[in-house]
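Next come the chains, spelled out residue by residue.
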Amino acid sequence: SKLITPVIAAQGRGMITFDRGLNSAAQNAARDGLANATVFRQIDGGGETVSVIRRYLDRAVFKAAQDGSVVVMGETRPDTITALTQWSLEGRATEVTLAPVSAILR
């Protein structure tokens, strides 16, 4: 990650990593001033149901209240789209602003 950080920065891009282990890639990005964000959770990585995805989204809202922002990742699976739609209409979505990850890259 030490070698790729300057290349990404020169291209005007940012780095998105997963919070696993020591996450040296994120540490290097922060040290080098590269815009970066860490994924809090993949909401549908294990074939989760609609209700589980909605619960994960609610947890992400709680985490965002603590940290100021949070990144979640999902695939365009039918259950994911259904869960996002239901959650945005009925869940805690009113407590946060949904935005692309580029809005919080820092």
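About the thresholds
- Residues numbered from 1 in each chain as written.
- Predicted model: local features only at pLDDT ≥ 70, side-chain atom pairs only at ≥ 80, totals over all residues.
- Heavy atoms only, no water.
- Helix = DSSP H or I, 4+ residues; strand = E, 2+ residues; numbered from the N terminus.
- Buried < 20%, exposed > 50% of the residue type's maximum accessible area, 1.4 Å probe, protein only.
- Contact = heavy atoms within 4.5 Å.
- Areas by Shrake-Rupley, 256 points an atom, 1.4 Å probe, with all protein chains shown as cover.
- Lys, Arg positive; Asp, Glu negative; His and termini not counted.
- Charge placed at Lys NZ, Arg CZ, Asp CG, Glu CD.
- Core = buried A, V, L, I, M, F, W, Y, C linked by side-chain atoms within 4.5 Å.
- Pairing = 2+ DSSP bridges.
- Phe/Tyr/Trp six-rings, centres within 6.5 Å; stacked < 30°, edge-to-face > 60°.
- Lys NZ or Arg CZ within 6 Å of the ring centre and 35° of its normal.
- Axes fitted to C-alpha atoms, helices over the stretch in contact; angles between N-to-C directions.
- Parallel < 35°, antiparallel > 145°, perpendicular 65-115°, else oblique.
- Left-handed = near helix turned anticlockwise from the far one by under 90°.
- Nonpolar A, V, L, I, M, F, W, Y, C, P; charged D, E, K, R; others polar.

Novice: I'm lost on the overall build of the protein in this one. Help?
Specialist: Counting secondary structure elements, the protein contains four helices and three strands. Start at the N end of the protein and walk to the C end: the helices and strands fall as α-β-α-β-α-β-α. Seen along its three principal axes, the alpha-carbon backbone of the protein occupies a region of about 45 × 25 × 25 Å. For the protein, the residues scored as buried account for 29% of the 106 residues in total. For the protein, restricting intrachain contacts to residue pairs at least 6 apart in sequence, the fraction spanning at least 24 positions comes to 59%. Roughly 6700 Å² of accessible area belongs to the protein as shown, and the carbon and sulfur atoms make up 54% of that amount. Seen as two clouds, the 12 positive and the 10 negative side-chain charges of the protein have centres 6 Å apart.

Novice: Got a minute to help me understand the nonpolar core in this structure?
Specialist: Note that soluble globular proteins tend to have their nonpolar side chains buried in a common cluster. By size, the foremost hydrophobic cluster in this structure holds ten residues: Ile43, Val50, Val52, Ile53, Tyr56, Leu57, Val61, Ala83, Trp87 and Ala93. Elements that contribute at least two residues to this core include exactly helix H3 (50-67) and helix H4 (78-90). It is H3 that contributes the most residues to this core, six residues altogether. Here Tyr56 is in contact with Arg41, Ile43 and Glu48, once residues within four sequence places are set aside. Counting residues in hydrophobic clusters, the runner-up holds five residues, among them Ile8, Ala25, Ala29 and Leu34.

Novice: Help me understand the pairing of strand S1 (residues 15-18), please; the structure alone is not making it clear to me.
Specialist: Side chains on a regular strand alternate between the two faces of the sheet. Residues Met15 and Thr17 line the buried face of S1, whereas the alternating positions Ile16 and Phe18 sit on a face that is not buried. Bridging between S1 and strand S2 (residues 36-42) involves four bridges; their strand directions are parallel. Within S2, the residue paired with Met15 across the bridge is Asn36.

Novice: Explain the packing of aromatic side chains here, please?
Specialist: What describes a pair of aromatic rings is the distance from one ring centre to the other and the angle between the planes of the rings. Applying the stated criterion to the full structure yields zero aromatic pairs. One Lys or Arg, Arg41, reaches over the ring of Tyr56 and ends 4.0 Å from the middle of that ring.

Novice: Looking at this model, I keep getting lost on the packing of H3 against H4. Mind explaining?
Specialist: In a packed pair of helices, the relevant descriptors are the angle between the two axes and the axis-to-axis distance. Direction vectors running N to C along H3 and H4 enclose 50 degrees, while the axes themselves pass 9 Å from each other. Taken together, the axis directions place H3 and H4 in an arrangement best described as oblique. For H3 against H4, the interelement crossing comes out right-handed. Only Asp79, Thr80, Thr82, Ala83, Leu84, Gln86, Trp87 and Glu90 of H4 make contact with H3, whose side of the interface consists of Val50, Ile53, Arg54, Leu57, Asp58 and Val61. Broken down by class, the residue content of the contact of H3 with H4 amounts to seven nonpolar, three polar and four charged.

Novice: Is there a simple way to think about the sheet that holds S1 in this case?
Specialist: Paired through backbone hydrogen bonds, the strands of a sheet run either parallel or antiparallel to each other. Here we have three strands laid out as an open sheet, ordered S1-S2-S3, and parallel in their pairing. What marks the edges here is a single partner per strand, and that holds for S1 and strand S3 (71-73). Adjacent strand axes in the sheet meet at a mean angle of 45 degrees, parallel and antiparallel pairs treated alike. Pairing geometry for S2 and S3, over three bridges, is parallel. Bridging across to S3, Arg41 finds its partner in Val72. H3 rests against S2 and S3 of the sheet, and its axis sits at about 140 degrees to S2.

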